[in-house]
Amino acid sequence: MVVVRLDILRARSGEALLLRHIAFVFTKAFVVAAAVASLVGCSSPHYRTAPIARTGTVRTSTLRNMESLNMDRAAPILIRIYKEESTLEVWKRDRTGKFALLKAYPICEF
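I will try to describe carefully the structure that is included in this document. The shown structure was predicted, so the numbers you read here are calculated from the model rather than taken from an experiment.

**Some words on the overall build of the protein**
Turning to step 1, where the next piece is worked out: Along the backbone of the protein there are two helices and three strands.
Turning to step 2, where the next piece is worked out: Secondary structure elements of the protein, listed N to C terminal, follow the sequence α-α-β-β-β.
Turning to step 3, where the next piece is worked out: Considering the protein as a whole, with its 110 residues, one finds that 9% of them fall into the buried category.
Turning to step 4, where the next piece is worked out: Long-range contacts, defined here as pairs at least 24 residues apart, represent 18% of the contacts in the protein between residues at least 6 apart.
Turning to step 5, where the next piece is worked out: With an accessible surface of roughly 9,900 Å², the protein has 63% of that area assigned to carbon and sulfur atoms.

**Some points on the nonpolar core**
Turning to step 1, where the next piece is worked out: Listed in full, the five residues of the largest apolar core are Met-66, Met-71, Leu-88, Val-90 and Leu-102.
Turning to step 2, where the next piece is worked out: Apart from residues lying up to four places away in sequence, Met-66 is in contact with Val-58, Met-71, Asp-72, Arg-73, Lys-92 and Leu-102.

**Topic: the sheet that holds strand S1 (residues 77-82)**
Turning to step 1, where the next piece is worked out: Taking strand neighbours across the sheet as the criterion, the three strands line up as S1-S2-S3 in an open arrangement whose pairing is antiparallel. The open sheet has two edge strands, S1 and strand S3 (99-106), and neither has a second partner. Taken pair by pair, the neighbouring strands of this sheet meet at an average axis angle of 20°, ignoring direction.
Turning to step 2, where the next piece is worked out: Bridge analysis of strand S2 (residues 87-93) against S3 gives seven bridges, and the strand direction is antiparallel.

**Some words on the pattern of salt bridges**
Turning to step 1, where the next piece is worked out: Evaluation of the coordinates by the stated rule reveals three salt bridges.
Turning to step 2, where the next piece is worked out: For the salt bridge of Arg-95 with Glu-67, the shortest nitrogen-to-oxygen distance reads 3.6 Å. Placement of the pair is Arg-95 in the loop between S2 and S3 and Glu-67 in helix H2 (residues 60-68), with a sequence separation of 28 residues.
Turning to step 3, where the next piece is worked out: The partly exposed category is assigned to Arg-95, whose relative accessible area is 40%.
Turning to step 4, where the next piece is worked out: Linking Arg-95 and Asp-72 is a salt bridge whose minimum nitrogen-to-oxygen distance equals 2.8 Å.

**Here we look at a nonpolar patch on the surface**
Turning to step 1, where the next piece is worked out: Nonpolar side chains collect at one region of the surface, where Leu-18, Leu-19, Ile-22 and Phe-26 lie side by side and expose about 440 Å² of accessible area between them.
Turning to step 2, where the next piece is worked out: When you line up the elements, Ile-22 lands in helix H1 (residues 2-40).
Turning to step 3, where the next piece is worked out: Judged by relative accessible area, Ile-22 falls into the partly exposed class, the value being 36%.

**Examining the side chain of Lys-92**
Turning to step 1, where the next piece is worked out: Relative to the helices and strands, Lys-92 is located in strand S2.
Turning to step 2, where the next piece is worked out: The side chain of Lys-92 sits in the buried core without any salt bridge; Asp-72 is the nearest counter-charge, 8.5 Å away.
Turning to step 3, where the next piece is worked out: Aside from chain neighbours lying at most four places away, what touches Lys-92 is Met-66, Met-71, Asp-72, Arg-73, Ala-74, Ala-75, Pro-76, Ile-77, Lys-98, Phe-99, Ala-100 and Leu-102.

**Considerations on unusual backbone geometry**
Turning to step 1, where the next piece is worked out: Non-glycine residue Asn-70 carries a positive phi angle of around 65°.
Turning to step 2, where the next piece is worked out: Take Asn-70: it is sitting in the loop between H2 and S1.
Turning to step 3, where the next piece is worked out: With a relative accessible area of 32%, Asn-70 lands in the partly exposed category.
Turning to step 4, where the next piece is worked out: Its identity is not glycine, yet Ser-86 carries a phi of approximately 55°, on the positive side.
Turning to step 5, where the next piece is worked out: With respect to the helices, strands and loops of the structure, Ser-86 is situated in the loop between S1 and S2.

How each quantity is defined
Residues numbered from 1 in each chain as written. Predicted model: local features only at pLDDT ≥ 70, side-chain atom pairs only at ≥ 80, totals over all residues. Heavy atoms only, no water. Helix = DSSP H or I, 4+ residues; strand = E, 2+ residues; numbered from the N terminus. Buried < 20%, exposed > 50% of the residue type's maximum accessible area, 1.4 Å probe, protein only. Contact = heavy atoms within 4.5 Å. Areas by Shrake-Rupley, 256 points an atom, 1.4 Å probe, with all protein chains shown as cover. Core = buried A, V, L, I, M, F, W, Y, C linked by side-chain atoms within 4.5 Å. Pairing = 2+ DSSP bridges. Axes fitted to C-alpha atoms, helices over the stretch in contact; angles between N-to-C directions. Salt bridge = Lys/Arg side-chain N within 4 Å of Asp/Glu carboxyl O. Patch = residues over 30% accessible without salt bridge, like charges linked within 9 Å, V, L, I, M, F, W, Y side chains within 5 Å. Lys, Arg positive; Asp, Glu negative; His and termini not counted.

Just distances and angles here, no functional claims.
As structure tokens, then:
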């Protein structure tokens, strides 16, 4: 009778080891699948490195101001906001490659 019980215990511990191994394999497969799924999102169009130029309506006065400051319409801009001075500044790169102040706007004036 003791031998039978040892065989039953060995069989049960073998089953437990097999179930643990199966659970480990499924967990590992899930982690790998989740990692691959998260990396697939990096190839979406939201992560393009090429600059996207927006074309919109620009006021004639602004275009004249940019021309007088030697700036292209499609040149990059930089926006700076100063809370204490209550000012929003729009800087634009000129044809020499340096940024120059295009316009300043008052903000937060209550």
